[in-house]
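# Fold and geometry: a report
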Amino acid sequence: MSKRLSRTVLGVAVLSLVTLGLPATASAGQHAKAERTVTDVVPAPVDAKPDPRASFRLSPATVIRTDREGKQVAEYLAGLLRPATGYRLPVVSGHRGGGPAISLETGHASGRVGSEGYQLKVSPSGVTLKANTDEGLFLGVQTLRQLFPSEIESKTVKKRSWVVSGGSVLDYPRFGYRSAMLDVARHFFTPDQVKLYIDQIAQYKINNLHLHLTDDQGWRIEIKSWPKLATVGGQTAVGGAPGGYYTQEQYKDLVRYAASRHITIVPEIDMPGHTNAAQHSYAELNCDGKAVPPRTDIEVGYSSLCIGKDITYKFVDDVIRELSAITPGKYINIGGDEAHSTSPEDYQTFATKVHPIVAKYGKTITGWHDIAKTNPPVSAVPQFWGTTGTDANVAAAAARGNKILMSPANKAYLDMKYHAQTPLGLSWAGLIEVKTGYDWDPATHLQGVTEKNVIGVEAPLWSETLITSDHIEFMAFPRLPGYAEIGWSPKDSRTWDAYRLRLAKQSPRWVQQGIDFYRSTQVDWK
Ligand code: ACM
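Bear in mind the structure is a predicted one, so any value in this text is a computation, not a measurement.

Turning our attention to the nonpolar core. Tyr 197 and Leu 209 are the most contacted members of the largest nonpolar core, which totals 142 residues. Considering every element that reaches this core, the biggest residue donor is helix H2 (residues 71-85), with eight residues. Contact partners of Leu 209, with chain neighbours within four places excluded, come to Ser 179, Ala 180, Met 181, Leu 182, Val 194, Tyr 197, Ile 198, Ile 201, Ile 263, Thr 264, Ile 265 and Val 266. Core analysis: the second largest hydrophobic core is formed by six residues, Tyr 177, Val 266, Tyr 331 and Leu 405 among them.

Take the packing of helix H8 (residues 310-325) against helix H9 (residues 344-360) next. At a minimum axis distance of 10 Å, the contact between H8 and H9 shows a crossing angle of 30°. By the angle between their axes, H8 is roughly parallel relative to H9. As H8 runs across H9, the sense of the crossing is right-handed. On H9, the residues touching Thr 312, Tyr 313, Val 316, Asp 317 and Ile 320 of H8 are Phe 350, Lys 353, Val 354, Ile 357, Val 358 and Lys 360. Partitioning the contact of H8 with H9 into residue classes produces seven nonpolar, one polar and three charged.

When you tally the buried positions in strand E5 (residues 101-106), you get six out of six residues, the bulk of the element. Direction of pairing for strand E3 (residues 63-66) relative to E5: parallel, over a ladder of four bridges. The residue bridging Arg 65 from the neighbouring strand is Ser 103, located in E5. Inspection of the sheet shows E5 paired to strand E7 (residues 126-131) by six bridges, in the parallel sense. The residue of E7 that forms the bridge with Thr 106 is Ala 131.

Here we take up the packing of aromatic side chains. Summed over all chains, the structure comprises 22 aromatic pairs. Here Trp 226 and Phe 315 contribute two aromatic rings whose centre-to-centre distance is 5.2 Å and whose plane-to-plane angle is 80°, an arrangement assigned as edge-to-face. Residue Trp 226 is found in the loop between strand E13 (218-219) and helix H5 (228-231), and its partner Phe 315 is found in helix H8; the two are separated by 89 residues along the sequence. Residue class for Trp 226 comes out buried when judged on its relative accessible area of 5%. By relative accessible area, which is 2% here, Phe 315 ends up buried. Taken together, Tyr 204, Phe 477, Trp 510, Phe 517 and Trp 525 form an aromatic cluster joined through their ring pairs. Its end group placed over the ring of Trp 488, Lys 205 keeps NZ or CZ at 5.5 Å from the ring centre.

According to the stated counting rule, one finds 27 salt bridges in the structure shown. Asp 183 serves as the salt-bridge partner of Arg 186, at 3.1 Å between the closest nitrogen and oxygen. Ionic pairing is found between Asp 253 and Arg 256, a salt bridge with its closest N-O pair at 3.9 Å. In this pair, Asp 253 and Arg 256 are both assigned in helix H6 (residues 248-260), three residues apart and thus about one turn of the helix distant. We classify Arg 256 as exposed; its relative accessible area is 52%. Among the charged side chains, a salt-bridge network with shared partners connects Arg 174, Asp 441, Glu 451, Lys 491 and Arg 494.

What follows is about the environment of Gly 233. Position of Gly 233 relative to the elements: it lies in the loop between H5 and H6. The class for Gly 233 is buried, based on a relative accessible area of 0%. Residues Gly 233 and Thr 521, 288 residues apart in the sequence, show an inter-C-alpha distance of 42 Å.

This brings us to helix H13 (residues 469-476). Burial analysis of H13 places six of its eight residues in the buried class, which makes it a mostly covered element. Turning to H13, its buried residues number three or more, namely Ser 469, Ile 472, Glu 473, Phe 474, Met 475 and Ala 476. For H13, the elements touching its buried residues are strand E10 (177-183), helix H4 (191-202), strand E19 (454-461) and helix H14 (480-488). Among the residues of H13, the N-terminal cap falls to Thr 468, whose side-chain oxygen and the backbone nitrogen of Asp 470 are separated by 3.3 Å.

Strands sit in the order E10-E11-E14-E15-E16-E17-E18-E19 around a closed barrel of eight strands; the barrel is parallel. Taken over all neighbouring pairs, the strand axes of this sheet differ in orientation by 30° on average, direction set aside. Pairing of strand E14 (residues 264-271) with strand E15 (residues 331-335) involves two bridges; the strand directions are parallel. Looking at E15, one finds that Met 271 is bridged to Gly 335. Its contacts with the sheet place H6 against strand E11 (208-212) and E14, and it is angled at close to 135° to E14.

Between Met 271 and Pro 272 the backbone carries a cis peptide bond, its omega angle lying at 5°. Phi at Leu 89 is positive, roughly 45°, even though this residue is not glycine. Within the secondary structure layout, Leu 89 lies in the loop between H2 and strand E4 (91-93).

Spatial strand order, E1-E9-E6-E7-E5-E3-E4: seven strands in an open sheet with mixed pairing. Both edges of this open sheet fall to strand E1 (47-50) and E4, since each of them pairs with a single strand only. Pairwise comparison of adjacent strand axes, ignoring direction, gives a mean angle of 15° for this sheet. Sheet topology places E3 next to E4; three bridges connect them, and they run parallel. Bridge assignment links Arg 65 to a residue of E4, and that residue is Val 92.

We now examine the UniProt feature "active site" (unreviewed entry) in the chain. Residues annotated by UniProt as "active site" (unreviewed entry) correspond here to Glu 338. Within the fold, Glu 338 resides in the loop between E15 and H9. Only 2.9 Å separates the side chain of Glu 338 from the side chain of His 274, close enough to count as a polar contact.

How each quantity is defined
Residue positions are given per chain, counted from 1 along the sequence in the order it is written. With the structure being a predicted model, the display of local features is reserved for residues of pLDDT at least 70 and the display and counting of side-chain atom pairs for 80 or more, all residues being used for whole-chain, interface and lining totals. With hydrogens and water stripped out, all remaining heavy atoms of the structure feed into the side-chain values. In this description, a nonpolar core means a group of buried Ala, Val, Leu, Ile, Met, Phe, Trp, Tyr and Cys residues linked to one another through side-chain atoms lying within 4.5 Å. Think of it in three bands: residues with accessible area under 20% of the maximum for their type are buried, residues over 50% are exposed, and the middle band is partly exposed, with areas taken using a 1.4 Å probe on protein chains only. A run of H or I in DSSP counts as a helix once it spans at least four residues, and a run of E counts as a strand once it spans at least two, with each numbered from the N terminus. In what follows, residue pairs with any heavy atoms lying within 4.5 Å of each other are defined as contacts. Axis definition: a line fitted to C-alpha atoms, over the contacting stretch in the case of helices. Angles run 0 to 180 degrees between N-to-C directions. Angle categories are assigned with fixed cut-offs, so that under 35 degrees is roughly parallel, over 145 is roughly antiparallel, 65 to 115 is roughly perpendicular, and the rest are oblique. Should the near helix be turned anticlockwise from the far one by less than a right angle, the crossing is termed left-handed; should it be turned clockwise, right-handed. Polar here means any residue other than Ala, Val, Leu, Ile, Met, Phe, Trp, Tyr, Cys and Pro, which are nonpolar, and Asp, Glu, Lys and Arg, which are charged; Gly is therefore polar. Paired strands, in this sense, are two strands between which DSSP finds at least two bridges. Whether two aromatic rings pair depends on their centres lying within 6.5 Å, for rings of Phe, Tyr and Trp, where Trp uses its six-membered ring; planes under 30 degrees apart make the pair stacked, over 60 edge-to-face, and the rest tilted. Placement of a positive charge over a ring is assigned whenever Lys NZ or Arg CZ falls within 6 Å of the ring centre and within 35 degrees of the normal to the ring plane. Salt-bridge detection follows one rule: a side-chain nitrogen of Lys or Arg within 4 Å of a carboxyl oxygen of Asp or Glu. Within 3.5 Å is the distance limit for a polar contact, defined as a pair of N or O atoms, with the added protein rule that one can donate a hydrogen and the other accept it, and that residues adjacent in sequence qualify only through two side-chain atoms. UniProt positions are given in the numbering used here, feature names are shortened, and annotations may be inferred rather than shown by experiment.

Printed below as a string of structure tokens:
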């Protein structure tokens, strides 16, 4: 036999072992080199100890074992692992059988990990994931999936071995509120497009999705008592693009889908500015009683609800009532930004009337940080979107006890261009390369706002220039995982030099997932 032929024969033999799910390298006594270890996970875990000799090999005989509370997450995990492996991976309850297993257990985790944390141990005999809640299990599963080869993200069967990198992790978040925002008003994104984004952000342990549902260019949520908001106000979008809106049934389905990924939808009705679509739909919302023309340009600051009319508050009450009824989450976002056509006195009058409406329907206010100047209830969460390190109104709100959601526009706005030539996005808040987006801290960024004042971090994605899911992906990736890490990981565990190496190792997963990401030259992509 020639050398060449023997190599071919050996190759076939190895391939057939892999097909059977048997350890292809077992005879050589070697351990497959893992693409990623527990210390490569994004967001960085609190405590991670790799053990290269403790890898677990998934096989066609592996089962996913769980208790009653873990069943949904176990099915979700099976759904993640089945397409690429082609294995059955049945979800079984309790401790039946002694075969190889991935075990998901609720209620037995260390108190240290709290309600969102988890403990993960990967050893040759199996994988054990423990958490105090199903949410903790879900977040632990996001870590576990990163310990597989990237091809685990393939939607079709790949004939290969599936080695899970060995070691242990104990993990919990720095902030309980880790958010992304999608502007579905400037351009409309279908429910399926929103679900795709939900799946993309869930893998980085983001737990809130803020939907910017209304703006000058479009109204995107059905309000049954004001039907023309959707049927008229929903028809337009920036640049003459087709509009669209979510029926309440579609919205409820989105809320349920997000919940299955342990993500809470936070809906925004922007007011008293950014209201042209509503004022176009209903003449009575204008002080002169005349409907305004639709707007599809990207100017801001020209629209305002009519502060002196009673009908304005009937409108707000109806909208908040209907939206609250289909939103199980605690927060309703009342916008409040860039109300340049509302006088300061009117802005305060409007706030004083609207805050109790939100409370009446059992919801808590969040809104852009402009609301901080209206003395909102201490439960309200102003979202900082400024471009400097000082804001007296936000600092005063923090001093009164309001928690602040941090999304500084020059650091966290996903719609800002990466560099001057980026084909999509805007640049009014600056250019945000990957390092700029990562290298800041929410507890030291803003004067008068420290760790105890911060509820968490949000990465907003405005859609003036974005039309497709590819566009969303190109702006969100690779920056979004950085904001997720800022929100999740201990401050002292984060450095850019280490992060850029871990981030690079994420990209083969995005390739498998079909995520169209920006290949920043600041990162040595694989
Ligand atoms: C904003 O960017 N207008 C909140």
